[in-house]
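Here is how the chains run, residue by residue.
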Amino acid sequence: MVPRLLLRAWSRAPALGRAAPCRLLSAGSGPGQYLQHSIVPTMHYQDSLPRLPIPKLEDTIRRYLSAQKPLLNDEQFRKTEQFCKSFENGIGKELHMQLVAQDKQNKHTSYISGPWFDMYLTARDSIVLNFNPFMAFNPDPKSEYNDQLTRATNMVVSALRFLKTLRAGLLEPEVFHLNPAKSDTNTFKRLIRFVPSSLSWYGAYLVNAYPLDMSQYFRLFNSTRLPKPSRDELFTDDKARHLLVLRKGHFYVFDVLDRDGNIVSPSEIQAHLKYILTDNSPAPEFPLTFLTSEKRDIWAELRQKLVHGGNEETLRKVDSAVFCLCLDDFPIKDLVHLSHTMLHGDGMNRWFDKSFNLIVAQDGSAAVHFEHAWGDGVAVLRFFNEVFKDSTQTPAITPQNQPATTNSSASVQKLSFKLNDALKAGITAAKEKFNATMKTLTIDCVQFQRAGKEFLKKQKLSPDAVAQLAFQMAFLRQYGQTVATYESCSTAAFKHGRTETIRPASIFTKRCSEAFVREPSKHSTGELQQMVAECSKYHGQLTKEAAMGQGFDRHLFALRYLATAKGVALPELYLDSAYGQINHNILSTSTLSSPAVSLGGFAPVVSDGFGIGYAVHDNWIGCNVSSYPGRNAREFLQCVEKSLEDMFDVFEGKSIKT
């Protein structure tokens with residue numbers, strides 16, 4: 001199974017770190033049509049991005065064995081070592097040469113892009129819980145702006161400004177700045193814009209700036225994953241100008257862009273949303289939305305019935321909408337309720353196939369829930385950051401703003417679907433399945449307030465390494481073993497890069513965890529500090545390798561994909577139980593850090609696993625954990641807290657409390 005949340009934010013959130021961008025005003029009065037007016041065209045670096053390297057086969061095998069070491073006993077490891085040796089010298093060598101040759105013929109993309117799209121689109125499980133994650137916004141700092149209608153209007157307008165800015169090529173290119181004083185300046189931007197696109201990346205590289213791949217961004221809008229037998233399709237219609245709104249299981253559409261492509265006046269959008277919020281119709285008896293939570297082949301079959309039943313045009317309006325806004329009719333009680341609501345909700349008020357759902361609850365709590373096949377966290381996080389910044393710093397309307405006097409009943413179309421008995425039965429079955437599955441999911445979260453990034457950096461430790469070490473210690477404390485662990489890392493520094501895996505469980509974390517959990521009294525504080533430092537150093541190395549496309553997971557995945565495509569019998573390495581075990585990721589983890597995000601989350605990727613979303617902030621550490629029956633998220637978090645307390649005691653020279 002594959003991790004659902006393939007996110008790893010870069011250590012700076014570039015979209016929020018810039019000076020206020022120049023705002024373009026539309027003709028006449030009214031709000032800006034654009035978020036910013038970058039002097040460097042959005043896609044200026046795309047053509048010259050470096051290509052994702054294919055690691056050397058011997059490096060991949062070495063890294064794979066290093067990751068297997070803490071998970072296997074001596075006998076199992078020797079057996080796996082043998083499989084690796086024969087793979088490296090035999091069929092693996094041939095497959096690797098074929099992969100390299102194929103990659104040379106496809107210089108416009110990366111070796112992982114096609115197989116990765118295929119992996120997502122051929123998956124037949126429901127995308128809910130199995131793939132789609134969420135990111136929740138912090139509240140608007142001005143409390144009165146958290147009114148549902150006000151916030152929804154402002155976020156919709158900001159999202160449309162992002163769309164217009166992106167399509168006009170005026171959005172700042174996504175760049176990872178190692179030395180922003182040199183590269184994130186108007187002087188540099190004025191120079192680099194004159195460097196041809198085929199060379200521009202090299203100009204940025206000279207000042208320690210790394211432009212990131214932006215090829216996924218166009219799929220943010222007007223896009224939907226369509227269910228098809230065996231393999232789904234990604235659909236985009238960038239000519240459509242309407243927004244899809246869901247409320248109480250009802251579908252509404254209205255134009256948010258006019259014929260010239262300008263954003264409709266915010267007070268008009270506000271009026272239409274107010275009209276929708278005052279619709280007192282009861283929830284439909286057969287809410288079509290549940291079908292998007294079904295297994296993909298079942299949903300594909302039912303969708304064909306919908307199309308043949310006279311619903312093709314109506315479905316087209318859903319699929320082509322700029323995005324989906326979900327207006328929920330209840331306030332959020334607490335962080336656990338927030339996670340459940342934004343990760344899956346009640347199934348009635350989401351269209352899970354849409355590239356993203358922007359969800360706004362009754363109290364203004366908001367989140368982005370996104371489908372994962374089309375793209376990864378880098379594109380979504382940039383959109384998320386820009387929408388938060390724009391909607392809070394330059395909101396389109398104020399709470400005192402009066403909606404436009406307009407005939408919303410003529411402008412807003414309420415969609416209706418023709419449902420036969422087979423479709424009604426399909427919806428009922430999907431709803432029952434959805435409700436039964438959601439009851440099995442537990443989510444819990446914790447905020448460790450003792451210290452965070454600032455303290456750890458003073459100790460010369462990687463904050464991410466310490467968080468990952470806490471998860472290793474916690475699982476050992478709770479279940480007495482070290483298990484396969486997945487941490488996602490973006491490879492967006494390369495053309496059409498997707499993600500690579502960091503494998504946080506190592507011989508270093510295993511030794512350190514056992515010392516802290518099983519025999520702390522046998523080691524001095526200095527020895528324990530030294531063990532944590534070793535873990536931090538090794539984790540830093542793994543992170544750097546993964547970000548540079550030098551992990552082992554994607555390479556082995558691509559070789560396996562190639563073998564299957566060529567009809568070659570699956571090599572023994574892939575049939576080895578150790579390969580199955582390391583890809584049964586019991587601890588699936590992902591971190592993101594941004595001033596706009598309150599928390600993010602996703603479900604476990606295996607039935608006996610944990611889904612761990614976390615962030616190390618300046619002075620605290622947040623952790624959001626999900627589990628199914630058989631694992632206990634609450635107990636795991638208690639063990640994480642204990643592990644962090646023990647480490648911080650050791651960092652301060654104290655002995656561990658038993």
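Residues numbered from 1 in each chain as written. Predicted model: local features only at pLDDT ≥ 70, side-chain atom pairs only at ≥ 80, totals over all residues. Heavy atoms only, no water.

## A few points about the overall build of the protein chain
Definition in use: Only DSSP runs of H or I covering at least 4 residues are called helices, and only runs of E covering at least 2 are called strands; the numbering of each starts at the N terminus. For the radius of gyration, the atom set is restricted to C-alpha positions; the globular benchmark scales as 2.2 Å times the number of residues to the power 0.38. To sort residues, take the accessible area from a 1.4 Å probe on protein chains only and compare it with the maximum for the residue type: under 20% means buried, over 50% means exposed, and anything in between is partly exposed. We call two residues contacting when some pair of their heavy atoms lies within 4.5 Å.
Each helix and strand in the protein chain was counted, giving 22 helices and 18 strands. For the protein chain, the C-alpha radius of gyration of 25 Å lies close to 26 Å, the compact-globule estimate for 658 residues. Its C-alpha atoms give the protein chain principal-axis dimensions of about 75 × 60 × 55 Å. Across the 658 residues in the protein chain, those meeting the buried criterion constitute 59%. Nonlocal contacts in the protein chain, meaning residues at least 24 apart in sequence, comprise 79% of its contacts between residues at least 6 apart.

## A short note on the sheet that holds strand β12 (residues 442–448)
For clarity, the cut-off: Any two strands are treated as partners once DSSP identifies two or more bridges connecting them. Here an axis means a line fitted to C-alpha atoms, over the contact stretch when the element is a helix, while the angle between two N-to-C directions is reported on a 0 to 180 degree scale.
Pairing is mixed in the open sheet, where six strands are placed in the order β12-β18-β17-β15-β13-β14. Edge positions in the open sheet fall to β12 and β14 (499–502), since each of these has one partner strand only. In this sheet, adjacent strand axes meet at a mean angle of 25 degrees when their direction is disregarded. Of the strand pairs in this sheet, strand β15 (residues 587–591) and strand β17 (residues 610–616) are connected by five bridges, and their pairing is parallel. Across the sheet, residue Leu587 finds its bridge partner in β17, namely Phe610. Seen against the sheet, helix α11 (residues 335–343) touches β12 and β18 (621–627) and runs at an angle of roughly 130 degrees to β12. Set on the sheet, helix α18 (residues 525–547) makes contact with β13 (485–490) and β14; between it and β14 the angle comes to about 165 degrees.

## Things to note about the sheet that holds strand β11 (residues 413–415)
Strands in a sheet are paired, the pairing made by backbone hydrogen bonds, and the direction either parallel or antiparallel. Read from one edge to the other, the open sheet built from eight strands follows the order β11-β7-β6-β8-β9-β10-β1-β16, with strand pairing classed as mixed. At either margin of the open sheet sits one strand with a lone partner, and together these are β11 and β16 (597–601). Strand-to-strand twist of the sheet, defined as the mean angle between neighbouring strand axes without regard to direction, takes the value 25 degrees. Note that strand β6 (residues 242–247) and strand β8 (residues 324–327) share three bridges and pair parallel. Looking at β8, one finds that Leu244 is bridged to Cys324.

## Thoughts on the UniProt feature "domain: Choline/carnitine acyltransferase" (unreviewed entry) in the protein chain
In plain terms, the rule: UniProt positions are given in the numbering used here, feature names are shortened, and annotations may be inferred rather than shown by experiment.
Following the UniProt record, one finds the feature "domain: Choline/carnitine acyltransferase" (unreviewed entry) at residues 52–642. As annotated, residues 52–642 has a helix share of 45% and a strand share of 15%, and its two end C-alpha atoms lie 40 Å apart.

## Here's the deal with the environment of Ile276
You can see Ile276 is positioned in helix α9 (residues 266–277). A residue is classified by how much of its surface remains accessible, and Ile276, at 0% relative accessible area, is buried. Along the primary structure Ile276 and His617 are separated by 341 residues, whereas in three dimensions their C-alpha atoms are 38 Å apart. Excluding residues within four positions of it along the chain, Ile276 makes contact with Val245, Arg247, Tyr252, Phe254, Leu327 and Val412.

## With respect to the packing of helix α4 (residues 113–122) against helix α19 (residues 553–565)
Selection criterion: Orientation is classified from the angle alone, with under 35 degrees giving roughly parallel, over 145 giving roughly antiparallel, 65 to 115 giving roughly perpendicular, and any other angle giving oblique. Each residue is assigned to one class: nonpolar for Ala, Val, Leu, Ile, Met, Phe, Trp, Tyr, Cys and Pro, charged for Asp, Glu, Lys and Arg, and polar for all the others, Gly among them.
Interhelical geometry of α4 versus α19 gives an angle of 80 degrees and a closest axis separation of 10 Å. Classed by the angle they form, the pair α4 and α19 counts as roughly perpendicular. Packed against α4, whose contacting residues are Pro115, Trp116, Asp118 and Met119, the element α19 presents Arg554, Phe557 and Tyr561 at the interface. Classifying every residue of the contact of α4 with α19 gives five nonpolar, no polar and two charged.

## Some remarks on the domain arrangement of the protein chain
This is how the line gets drawn: All the domain ranges listed were derived from an automatic or database domain assignment. When two components associate, each loses some accessible surface as probed by a 1.4 Å sphere; the sum of these losses over both components is called the buried area. By convention in these notes, a salt bridge is any Lys or Arg side-chain nitrogen within 4 Å of a carboxyl oxygen on Asp or Glu. Nitrogen and oxygen atoms within 3.5 Å of one another constitute a polar contact, given that in protein one can donate a hydrogen and the other can accept it, and given that sequence-neighbouring residues count only through two side-chain atoms.
What the domain assignment reports for the protein chain is domain 1 (44–123 + 441–657) and domain 2 (130–170 + 219–440). For domain 1 versus domain 2, the separation of C-alpha centres amounts to 33 Å. With 31 residues of domain 1 at the contact, the number on the domain 2 side is 34 residues. Taken together, both faces of the contact between domain 1 and domain 2 bury some 2,700 Å²; the carbon and sulfur share is 59%. Three residues stand out in domain 1 for area buried against domain 2, namely Tyr120, Leu121 and Leu441, and they jointly supply 25% of the buried area on that side. Across the contact surface, domain 1 and domain 2 share two salt bridges. For the salt bridge of Arg498 with Asp376, the shortest nitrogen-to-oxygen distance reads 2.8 Å. Joining domain 1 to domain 2, the criterion identifies 14 residue pairs in polar contact (both at pLDDT 80 or more).

## Focus: the pairing of β17
Within β17, seven of the seven residues are buried, leaving the element largely enclosed by the surrounding structure. With burial as the criterion, each face of β17 is covered, one bearing Phe610, Ile612, Tyr614 and Val616 and the other bearing Gly611, Gly613 and Ala615. Following β17, the chain reverses through four residues before pairing antiparallel with β18.

## A word on the UniProt feature "active site" (unreviewed entry) in the protein chain
Following the UniProt record, the feature "active site" (unreviewed entry) maps to His372 here. Residue placement: His372 occurs in the loop between β10 (366–370) and α12 (377–393).

## Side note on the packing of helix α16 (residues 463–479) against helix α22 (residues 633–651)
Selection criterion: Crossings are classed by handedness, with left-handed meaning an anticlockwise turn of the near helix from the far one by less than a right angle and right-handed meaning a clockwise turn.
Look at α16 against α22: their axes get within 8 Å of each other, and the N-to-C directions meet at 120 degrees. One element, α16, and the other, α22, form an angle in the oblique class. Here α16 and α22 pass one another in a crossing that is right-handed. Contacts between α16 and α22 pair Val466, Leu469, Ala470, Phe471, Met473, Ala474, Phe475, Arg477 and Gln478 from the former with Glu635, Phe636, Cys639, Val640, Lys642, Ser643, Leu644, Asp646, Met647 and Phe651 from the latter. Across the contact of α16 with α22, the residue classes tally to 13 nonpolar, two polar and four charged.

## Topic: the confidence of the model for the protein chain
Note the cut-off: The pLDDT value expresses, per residue, how confident the predictor is, ranging between 0 and 100.
Of the residues in the protein chain, 95% have a pLDDT of 70 or more, and the chain-wide mean is 94. The low-confidence segment residues 1–30 (pLDDT under 50) makes 106 contacts with residues lying over four places distant or belonging to another chain.

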